[in-house]
Amino acid sequence: MVPNRMGPAEKRGGGNAEQGARDYSQAIFDAMSDPIAVIDVRDFRVVDANRAFIESCGIPREQVIGQTCHRLTHGLDHPCDGPHEMCPVRELVDFHRPTVCEHLHVTPTGERRTVSIGVSPLRAANGEITHVVHVARDITAHKQGQQALATAQARYRELVENSHDIIYSGVVNGDDALPPLTFVSHQAETTLGIPPAEFTSTPSLWWTLIHADDRARVETEVQTALASGKPVTSEFRVKARSNGDAPWFENTFVPKLDESRRAIGFFGVARDISARKRIEAQFHQAQKMEAIGLLAGGVAHDFNNLLSVILSNASFALESLPADSAARTDLVEIKQAGERAAALTKQLLAFSRKQVVQPREVSTNEALQNLAKMLRRLIGEHITLDLKLTP
């Protein structure tokens, strides 16, 4: 397996015992899964190798033994001398210490594999390094995994840093009703005026910022999620430090479970929905106004029917009275008031869109004056309505 360094007395010993020991050592050598070679430091030639090293070279053992290590592993006619791939054999001989480094080895099929190389010295009786034991471990899969992890982390970091939502995570402690946070994205400072470092230095800060009217409900929802292991989405208000407002957030809380499905951590995404809440409030107000308009239209329609009866009877009464009757003045007032009321109901019906509007030529000044009469009643005495009409 290694250069024969036995003395004459040992060689004269029992041949069978010696051969058995060498066979045993060779079996152990060949059983190693990592490719191992013994290299002569004078010319970099392989003097022995285990089965894994022979197989990695892809050629018979007879062609491996006596060939240089740089030819077998790199396809080069000279030892490695690049800035990123120093020759480990030279490093060991020059600095007299075991060396570990990473190299790109070329397989017989031309594939480049990343290997971790460790070399250890074999010395002669006078202490001089004559050979090195060269151990190569293929770490290509490990390096690819590291690269994939780094790529995933970079993608996750980019996603978090560019998200408009507040992203957070934390751990679960059995003593805390609301578990502490260990990470909060920088969007918290943009939305709430609080730096992320403040959240991590005060792990319970996020929960204490929740509006007092919402906190008990949120605590119950979080505890339910941790107990069931299922995500929960809820809405609540958070006190902002930047302007004192309490913006609304839609929060998704997701428990992180271990193999026994016990909650050991969590992460969450909180989205500012204040604008949506304002739009919803405006929509609800519009619905109320529409309901009021429909109600006003219904009342105006019924009232218009009553006015028709009043106006008809007033007209009939005026026609039956003599011209000098004292009651005519009162009946005229009743009819004029009824006509004004009828005009008002027509405006209400038009407002409620229950009346079919037919286009016709109108005097804008007269229309505005009539409209002003209704508006002054609606806006109240604390607001003055002043019309400036063109003659």
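This structure is a prediction, so every number in the text was calculated from the model and none was measured. (Residues numbered from 1 in each chain as written. Predicted model: local features only at pLDDT ≥ 70, side-chain atom pairs only at ≥ 80, totals over all residues. Heavy atoms only, no water.)

Tallied over the entire structure, the rule returns 18 salt bridges. The salt bridge partner of R61 is D48, with a shortest N-O separation of 2.7 Å. Here D48 lies in strand β2 (residues 46-49) and R61 lies in helix α4 (residues 61-64), a separation of 13 residues in the sequence. Overall, R61 belongs to the partly exposed group, its relative accessible area being 33%. Across the pair R276 and E250 runs a salt bridge whose closest N-O atoms are separated by 3.8 Å. Residue R276 is found in helix α12 (residues 274-320), and its partner E250 is found in strand β9 (residues 248-257); the two are separated by 26 residues along the sequence. (Salt bridge = Lys/Arg side-chain N within 4 Å of Asp/Glu carboxyl O. Helix = DSSP H or I, 4+ residues; strand = E, 2+ residues; numbered from the N terminus. Buried < 20%, exposed > 50% of the residue type's maximum accessible area, 1.4 Å probe, protein only.)

Within the open sheet, the five strands sit side by side as β2-β1-β5-β4-β3. Their pairing is antiparallel. Bordering the open sheet on either side are β2 and β3 (99-106), each of which pairs with just one other strand. Within this sheet the neighbouring strands show an average axis-to-axis angle of 30 degrees, counted without direction. Here three bridges tie strand β1 (residues 36-40) to β2, and the two strands are oriented antiparallel to one another. Looking at the pairing, I39 lines up with V46 of β2. (Pairing = 2+ DSSP bridges. Axes fitted to C-alpha atoms, helices over the stretch in contact; angles between N-to-C directions.)

Below, the discussion takes up the packing of aromatic side chains. Overall, the coordinates contain eight aromatic pairs when judged by the stated rule. With centroids separated by 6.3 Å and ring planes inclined at 75 degrees, the aromatic side chains of W206 and F249 adopt a geometry described as edge-to-face. Of the two residues, W206 is situated in helix α10 (residues 205-208) and F249 in strand β9; the sequence distance between them amounts to 43 residues. Three or more aromatic residues joined by ring pairs form one cluster here, namely Y168, F199, W206, W207, F236, F249, F253 and F266. One cation-aromatic arrangement involves K277 over W248; the distance from NZ or CZ to the ring centre is 4.5 Å. (Phe/Tyr/Trp six-rings, centres within 6.5 Å; stacked < 30°, edge-to-face > 60°. Lys NZ or Arg CZ within 6 Å of the ring centre and 35° of its normal.)

This part takes up a nonpolar patch on the surface. Taken together, the side chains of L368, L371, L375 and L387 present a nonpolar region at the surface, about 270 Å² in accessible area. Mapped onto the secondary structure, L371 falls in helix α14 (residues 364-379). (Patch = residues over 30% accessible without salt bridge, like charges linked within 9 Å, V, L, I, M, F, W, Y side chains within 5 Å. Areas by Shrake-Rupley, 256 points an atom, 1.4 Å probe, with all protein chains shown as cover.)

Bringing helix α11 (residues 212-228) into the picture now. Helix length check: α11 (17 residues) gives 25 Å between terminal C-alpha atoms against 24 Å at 1.5 Å per residue, within 8%. Along α11, the residues classified as buried are D214, V218, E221, V222, A225 and L226. Looking at the buried residues of α11, the elements they touch are α10, β8 (232-237), β9 and β10 (263-272). (Expected span 1.5 Å × (residues − 1). Contact = heavy atoms within 4.5 Å.)

Here we come to empty space enclosed by the protein. Where empty space is left in the structure can be found by rolling a water-sized probe over the atoms. Following the criterion strictly, the structure yields one cavity of 30 Å³ or more and no others. Considering only enclosed or pocket space, the largest cavity measures out at about 90 Å³ in volume. Along the walls of the largest cavity sit 13 residues, with C69, H74, C80, P88 and H134 positioned nearest its centre. Looking at the lining of the largest cavity, the elements that each hand over two or more residues are α5 (69-74), α6 (88-95) and β3. With four residues, α5 is the single largest residue contributor to the lining of the largest cavity. Class assignment for the residues of the lining of the largest cavity results in seven nonpolar, six polar and no charged. (1 Å grid on protein atoms, 1.4 Å probe; cavity = no way out; pocket = protein on both sides within 12 Å on 5 of 7 lines; lining within 4 Å. Points joined across faces, edges and corners; volume = space filled by probe spheres on them. Nonpolar A, V, L, I, M, F, W, Y, C, P; charged D, E, K, R; others polar.)

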